Amino acid sequence: MRVTMIGTGYVGLVSGACFSEFGHDVTCVDKDARKIADLQNGKIPIFEPGLDKLVVDGAKSGHLHFTTDLRAAVAGAEAIFIAVGTPSRRGDGFADLSYVYAAAEEIADALTGPAVVVTKSTVPVGTCAEVERILKRKRPDLAGQVAVASNPEFLREGSAIEDFMRPDRIVAGVDTDHARQVMRALYRPLFLNDKTPIVFTSREASELTKYAANAFLAMKITFINEMANLCEATGADIQDVAKGIGLDGRIGGKFLNAGPGYGGSCFPKDTLALVHQARQNGAPSRLIEAVVDANTARKKQMADKIVKAFGGVTGKTVAVLGVTFKPNTDDMRDAPSLDIVPALQAAGATVRAFDPEGMHEAAKLLPGVQWAGNAYEAMDGADGVAILTEWNDFRALNLTRAKSLLKRPLMIDLRNIYLPSEMADAGFAYHSIGRKPV
Ligand code: UDX
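Here we summarise the structure given alongside this text. (Residues numbered from 1 in each chain as written. Predicted model: local features only at pLDDT ≥ 70, side-chain atom pairs only at ≥ 80, totals over all residues. Heavy atoms only, no water.)

Description of the overall build of the chain
Each helix and strand counted, the chain has 18 helices and 14 strands in total. Computed over C-alpha atoms, the radius of gyration of the chain comes to 24 Å, within 12% of the 22 Å expected from 2.2 N^0.38 for 438 residues, which places it in the range of a compact globule. Oriented by its inertia axes, the alpha-carbon framework of the chain measures out at about 75 × 50 × 45 Å. Counting all 438 residues of the chain, 53% fall into the buried class. Across the chain, contacts joining residues at least 24 apart in sequence account for 73% of those joining residues at least 6 apart. (Helix = DSSP H or I, 4+ residues; strand = E, 2+ residues; numbered from the N terminus. Rg over C-alpha atoms; globule rule 2.2 N^0.38 Å. Buried < 20%, exposed > 50% of the residue type's maximum accessible area, 1.4 Å probe, protein only. Contact = heavy atoms within 4.5 Å.)

What to know about the side chain of Asn214
Mapped onto the elements of the fold, Asn214 is located in helix H10 (residues 203–234). Asn214 gets classed as buried once you look at its relative accessible area, which sits at 7%. Sequence-distant contacts of Asn214, that is, excluding residues within four places in its chain, are made with Cys266, Phe267 and Asp270.

Let's talk about the state of the cysteines
In total, this model carries zero disulfides according to the counting rule given. As a non-bridged cysteine, Cys18 has Cys28 as the owner of its nearest cysteine sulfur, 11 Å distant. (Disulfide = S-S within 2.5 Å.)

Some remarks on the site of the ligand
Close contacts around the ligand come from 18 residues, with Phe154, Leu155, Glu157, Asn257 and Lys326 the closest. Asn257 is positioned with one of its backbone polar atoms (N or O) 2.8 Å from a nitrogen atom of the ligand. In the complex, the protein chains occlude 92% of the 660 Å² of accessible area that the ligand would expose alone. Considered class by class, the residues forming the shell around the ligand number nine nonpolar, three polar and six charged. (Near = heavy atom within 4 Å. Polar contact = N/O pair within 3.5 Å; in protein donor to acceptor, adjacent residues only side chain to side chain. Areas by Shrake-Rupley, 256 points an atom, 1.4 Å probe, with all protein chains shown as cover. Nonpolar A, V, L, I, M, F, W, Y, C, P; charged D, E, K, R; others polar.)

Structural notes on the packing of helix H12 (residues 267–280) against helix H13 (residues 286–310)
Orientation of H12 relative to H13, taken along the N-to-C sense of each, is 145°, at an axis distance of 9 Å. Regarding H12 and H13, the two cross each other, and that crossing is left-handed. Here Thr271, Leu272, Leu274, Val275 and Arg279 of H12 lie close against H13, whose contacting residues are Ile288, Glu289 and Val292. When the residues that make up the contact of H12 with H13 are grouped by side-chain class, the tally is five nonpolar, one polar and two charged. (Axes fitted to C-alpha atoms, helices over the stretch in contact; angles between N-to-C directions. Left-handed = near helix turned anticlockwise from the far one by under 90°.)

Overview of helix H6 (residues 127–138)
Its 12 residues place the ends of H6 17 Å apart at the C-alpha level, agreeing with the 16 Å of an ideal helix rising 1.5 Å per residue. Residues of H6 that are buried: Thr127, Cys128, Val131, Glu132, Ile134 and Leu135. Each buried residue of H6 lies within a common arc of 155° when the element is viewed along its axis, so the set occupies one face. Those residues of H6 that are exposed and angled more than 90 degrees off the buried face are Lys136 and Arg137. Buried residues in H6 make contact with helix H5 (98–110), strand S5 (115–119), strand S6 (146–150) and H10. (Expected span 1.5 Å × (residues − 1). Arc of directions from axis to C-beta.)

With respect to the pattern of salt bridges
This model, assessed by the stated rule, comprises 26 salt bridges. Residue Glu132 pairs with Arg203 through a salt bridge whose shortest N-O separation is 3.0 Å. Taken together, the residues Glu132 in helix H6 and Arg203 in helix H10 connect sequence positions 71 residues apart. Judged by relative accessible area, Arg203 falls into the buried class, the value being 7%. Where salt bridges share partners, they join Glu105, Asp109, Arg137 and Lys138 into one cluster. (Salt bridge = Lys/Arg side-chain N within 4 Å of Asp/Glu carboxyl O.)

Structural notes on the pairing of S5
Of all five residues in S5, five are buried; the element is thus mostly enclosed. On S5, burial covers both faces: Ala115, Val117 and Thr119 on one face and Val116 and Val118 on the other are all buried. Judged from the four bridges that link them, strand S4 (residues 79–82) and S5 form a sheet pairing that is parallel. The residue bridging Ile82 from the neighbouring strand is Thr119, located in S5. Bridging between S5 and S6 involves five bridges; their strand directions are parallel. Bridge pairing in S6 links Ala115 to Val146. Read as a crossover between parallel neighbours, the route from S5 over H6 to S6 is right-handed. (Pairing = 2+ DSSP bridges. Right-handed = clockwise from strand over helix to strand, strands pointing away.)

A look at the nonpolar core
The nonpolar side chains of soluble globular proteins are, as a tendency, buried together. If you look at the biggest cluster of nonpolar residues, it comprises 43 residues, and the most contacted ones within it are Val14, Phe19, Met183, Leu186 and Tyr187. Broken down by element, the residue count for this core peaks at six residues, all from helix H1 (residues 10–21). In contact with Leu186, not counting residues within four places along its chain, are Met1, Val3, Phe19, Phe22, His24, Ala79 and Phe81. Residues Ile224, Val318, Leu344 and Leu410 belong to the second largest nonpolar core, which totals 34 residues. (Core = buried A, V, L, I, M, F, W, Y, C linked by side-chain atoms within 4.5 Å.)

Details of the environment of Pro87
Note that Pro87 resides in the loop between S4 and H5. Taking the C-alpha atoms as reference points, Pro87 and Leu97, 10 residues apart in sequence, are found 8.0 Å from one another. Excluding anything up to four places from it in sequence, Pro87 contacts Phe94, Ala95, Asp96, Tyr99 and Lys269.

These figures come from the coordinates and say nothing about function on their own.
As structure tokens, this is what we get:
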């Protein structure tokens, strides 16, 4: 099938490369000429495990192309995906749909015949209908030949290829038989091998499903974070509580890792957008509003936790391990470090940090940080160490070496990647999340 992917951000690039791996002929379009030139030369703009190989393989097989020429890419395509950004609108937090609608206008100008236009970006309820209005207004000559469908993407950064190739489900909002057939054909390899369920819904239900999924997961994380606070106040252990509730099949054990608060490109933006959609439609969600507030407050509280464990940080050096919002990505969007590091600096600390992939991005956002070449360099001569992101590199530190480098054997572990007992044996003062300090 001939597929066009408009937008080569995370979702567009991963989806385009994976569809080409399925055997479809995919053309990825972006306005950024430098990005497209890099992609044509096999240079990937983001760090995502496995993506570089997929892009190179796709180019070699002739199934994957990159261009800035939207008109040529759209002409004759059977499925045209809109995978452009939907950032939070400055000031009010609504999803900014200007890129989506601009893409719809350009697609309308470029269509040459029957096609299904699919929104892959996370878009508020009613966006497909609006895209359809744009297409109909601009191209009355194609009436009845162009359908608009919704097909949200649930992939996670850091495991994006695996998530795309082995999804729990595909959700497709369609309102014509032709759109349904095209969606089936696109994902056919997944039904043949893994029997992935495909959930066909109305376009509105599909659009809302994406927000509901993200908001539910954000709520689950916020819930366990609040339970962690209660554990710290009562002496219970959050790992035990998470295991105890997670084994209940109705709850499930995933997304119950207490931490410094959720970040990233989706949860913060999408919870906020859902809050606004709910209010706008006269059905406000007190629950998700509370989740947003609790998570914002939590990131700030984490800096206080570190300061307290240090007994004040004025004139001290804090070694920070990990600044990205999660491991296996270089993405800094809404990373807890963006709140924590400046708060430590404001409290008088010098921050010396290391991150395996994120330092290039982070350096633009975190002024005044001393960047180290590795975890041990970050700890050398520091007054203590704080782990902000659970990179594998930090899970097996040589604790004897770490202790000899630090002025004081003090660790604050915001991801619970060490056992309190092993840290006690190693002679560390150790503060983690929802567990007794040692
Ligand atoms: C998320 C959704 O998982 C994905 O389905 C959607 O398409 C995009 O948003 P992503 O943001 O890439 O994916 O990462 P995810 O692994 O979900 O983590 C999001 C945030 O939640 C991170 O800050 C992470 O540290 C935090 N988190 C996650 C926790 O604090 N605890 C958990 O148990 C899980």
